[in-house]
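# Commentary on secondary and tertiary structure
For reference, the chains in residue letters:
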Amino acid sequence: QVQLVESGGGLVQAGGSVSLSCAASGGTFRVAMGWFRQAPGKEREFVAAISWYAGYTLYADSVKGRFTISRDTAKNTVYLQMNSLKPEDTAVYYCAAAIVAATITPSSIKDYDFWGQGTQVTVSS
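To keep things clear, this report deals only with the structure shown in the data block. Worth saying up front: this structure is predicted, and the values here are computed from it rather than measured.

Let's shift gears to the overall build of the protein. From N to C terminus, the protein includes 0 helices and 11 strands. The linear arrangement of helices and strands in the protein, starting from the amino end, is β-β-β-β-β-β-β-β-β-β-β. For the protein, whose C-alpha radius of gyration is 13 Å, the value lies close to the compact-globule estimate of 14 Å for 125 residues. Dimensions along the principal axes, computed over C-alpha positions, put the protein at roughly 40 × 25 × 25 Å.

With 6 bridges connecting them, strand E7 (residues 67-72) and strand E8 (residues 77-82) associate as antiparallel partners. Bridge assignment links Asp-72 to a residue of E8, and that residue is Thr-77.

With that settled, the discussion passes to unusual backbone geometry. With a phi close to 50 degrees, Asn-76 is a non-glycine residue in the positive phi region. Among the secondary structure elements, Asn-76 is positioned in the loop between E7 and E8. The exposure class assigned to Asn-76 is partly exposed, which follows from its relative accessible area of 22%. Here Ser-84, not a glycine, exhibits a phi torsion of approximately 50 degrees, which is positive. With respect to the helices, strands and loops of the structure, Ser-84 is situated in the loop between E8 and strand E9 (91-98). Take Ser-84: its relative accessible area is 41%, and that puts it in the partly exposed class.

Definitions and limits used
- Residues numbered from 1 in each chain as written.
- Predicted model: local features only at pLDDT ≥ 70, side-chain atom pairs only at ≥ 80, totals over all residues.
- Heavy atoms only, no water.
- Helix = DSSP H or I, 4+ residues; strand = E, 2+ residues; numbered from the N terminus.
- Rg over C-alpha atoms; globule rule 2.2 N^0.38 Å.
- Pairing = 2+ DSSP bridges.
- Buried < 20%, exposed > 50% of the residue type's maximum accessible area, 1.4 Å probe, protein only.

In short, geometric facts, not functional conclusions.
Listed below in structure tokens is the structure:
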């Protein structure tokens, strides 16, 4: 099966930046990859997604203008550059891959087939 491994999380001050990476192995990303996050006591929510071949992007309103999703198809890797971080961005961030379906709703958790284990991002002050 496809395996996804996130890296780059950590603790940062408000207003700072963090870059996340998600390295994939064991398959191809036919449709899209996305980032989701889950804060303590809250449901997992959509952050950003990118179509694998064309590179079309979609962002949650809460992160538009601050976060940038990108991918390197040769490396089977997706990235999330997070700038101007706020305390409310604190969460475990998960990488996900949509492979089975020809078309998906990018913000829908159920449309993704494989998930990473998550990486913690904590924003202070």
